[in-house]
Amino acid sequence: MATPLPAPSRPQVYRHFHRIAWLAVALTFGVIVFGAFVRLSDAGLSCPDWPTCYGRAAWPQATQDVSDHAASAIRPFETAKAWREQVHRHLAATLGVLVLVLALLAARRRRFGVATVLVASALVAAAIPLYMRGQVLPALLVAGLGEALLLVAAMRWSGMGGTDARAGAAPDLANVAALTLAVVIFQALLGKWTVTMLLKPVIVMGHLLGGMLTFSLLAWMAWRATHLPIVHADAAQLRRWLLAGVAALGVQIALGGWVSANYAALACGAGGWITAQPHYADFPKCVGQWWPPTDFREGFVLWRGVGVDYEGGVLDGASRIAIQMAHRLFAIVAAAMLLAASWRLARMPGLRGWALLLALLTLIQVLLGVLNVKLSLPLPVAVMHNGGAALLLFVLVSLLARLRRP
């Protein structure tokens, strides 16, 4: 009996699938950067209702336009901020449509694939008017059912050919596309909870991580659909280095999100280059000490109940210093891991350009972190710091998607 040929590595997808995927990658990066701008400019609660903004699909233009809406009793309308939050929501909704298109295209060769994606999406869509009518629990149950359908489909469609595809069939990316759609839907829920739970830090951090996960899944899918493999004899070893880099970077992004969500970016002081204090008082030292008083137990409590408004932060100085110090110390670990991976890549012919890019982005990211403290968290630098983390993730995921053994 003849030995079956291995499944081909080139995914069998719609011919324009990779173009749509790359458009989604670019839009996701924009959503991440603009979301950082919204959060860092304190506009995250500028539309206290969801998904509308003071009852409008866009946003009000003047205070008198919202005086008769219930949301005006929750938070006074701020013209300069409301548009930021609602534009961010519309960009995220546009991304959701693109991911839905990708899921439908990827699932069309699967048995009941298109129907599964459509039914799951319809359930999620039906949950929105339920929530707007105040039926919160039914809305959550309906949306959860849609999410469950997508996750089950992603597991069924995992592997090269999938459980319902013919033997030896090429991959079609249906499992990744379904998983990405499930992640985007959960991101929408996190966005809602960010507002309704008044910037609860664990929700804000989760929203950031969900955005980075969406970006990673779309980048992986776009590269696989484009099919530009990098064939290397040491691909397996290099992938281990890259996975370690992704893990370290993921932890550091989570810590950075926790710093931002708890308003701990300037807990160690700021502005050492432009004030009379010594230039080392806030960095590398913290409030002039190498190890100031910290409260890690209080600083890393993930859940503090509901009903608390976290805008501006609620922790004391020692707790915020603990968060800031954890972010700084693990930055050393993450940077060392990424530079080590860069050094390993630089030794491989054909990968030196990627190695240089990874090392350069790592050093720039460290510099932006220092400038955030030394310049008292200027908005452009803080937003670039978020964007830099996404670019580092893109480099690592791109290499993971493209590296192949001979």
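The coordinates are above.
Residues numbered from 1 in each chain as written. Predicted model: local features only at pLDDT ≥ 70, side-chain atom pairs only at ≥ 80, totals over all residues. Heavy atoms only, no water.

Colleague: I'm lost on the packing of helix α1 (residues 17-40) against helix α6 (residues 201-226) in this one. Help?
Modeller: A pair of packed helices is characterised by two quantities: the angle between their axes and the separation of those axes. Interaxial distance between α1 and α6 falls to 8 Å at its minimum, and their mutual angle equals 160°. Considered as vectors, α1 and α6 are oriented roughly antiparallel to each other. The hand of the α1/α6 crossing is left-handed. On the side of α1, the interface is formed by F17, H18, A21, W22, A24, V25, T28, F29, I32 and R39, while α6 contributes V204, G211, M212, T214, F215, L218, A219, M221, A222, W223, A225 and T226. Of the residues in the contact of α1 with α6, the class split is 16 nonpolar, five polar and one charged. (Axes fitted to C-alpha atoms, helices over the stretch in contact; angles between N-to-C directions. Helix = DSSP H or I, 4+ residues; strand = E, 2+ residues; numbered from the N terminus. Parallel < 35°, antiparallel > 145°, perpendicular 65-115°, else oblique. Left-handed = near helix turned anticlockwise from the far one by under 90°. Contact = heavy atoms within 4.5 Å. Nonpolar A, V, L, I, M, F, W, Y, C, P; charged D, E, K, R; others polar.)

Colleague: Would you explain the layout of surface pockets in this entry?
Modeller: Size it by volume and the second largest pocket reaches roughly 180 Å³. Elements supplying a minimum of two residues to the lining of the second largest pocket: α6, α7 (235-261) and α11 (379-402). If one sorts the elements of the lining of the second largest pocket by residue count, α6 sits on top with five residues. Here the residues of the lining of the second largest pocket sort into nine nonpolar, two polar and no charged. (1 Å grid on protein atoms, 1.4 Å probe; cavity = no way out; pocket = protein on both sides within 12 Å on 5 of 7 lines; lining within 4 Å. Points joined across faces, edges and corners; volume = space filled by probe spheres on them.)

Colleague: Sorry, what's going on with the packing of helix α5 (residues 174-196) against α6 here?
Modeller: One can describe the packing of α5 onto α6 by two numbers: an axis separation of 9 Å at closest approach and a directional angle of 160°. Classed by the angle they form, the pair α5 and α6 counts as roughly antiparallel. Viewed along their axes, α5 and α6 form a crossing whose handedness is left-handed. Residues V176, A177, L179, T180, V183, V184, Q187, L190, G191, W193 and T194 of α5 form the contact with α6, whose own contacting residues are I203, V204, G206, H207, G210, G211, L213, T214, L217, L218, W220 and M221.

On their own, these measurements won't tell you what the molecule is for.
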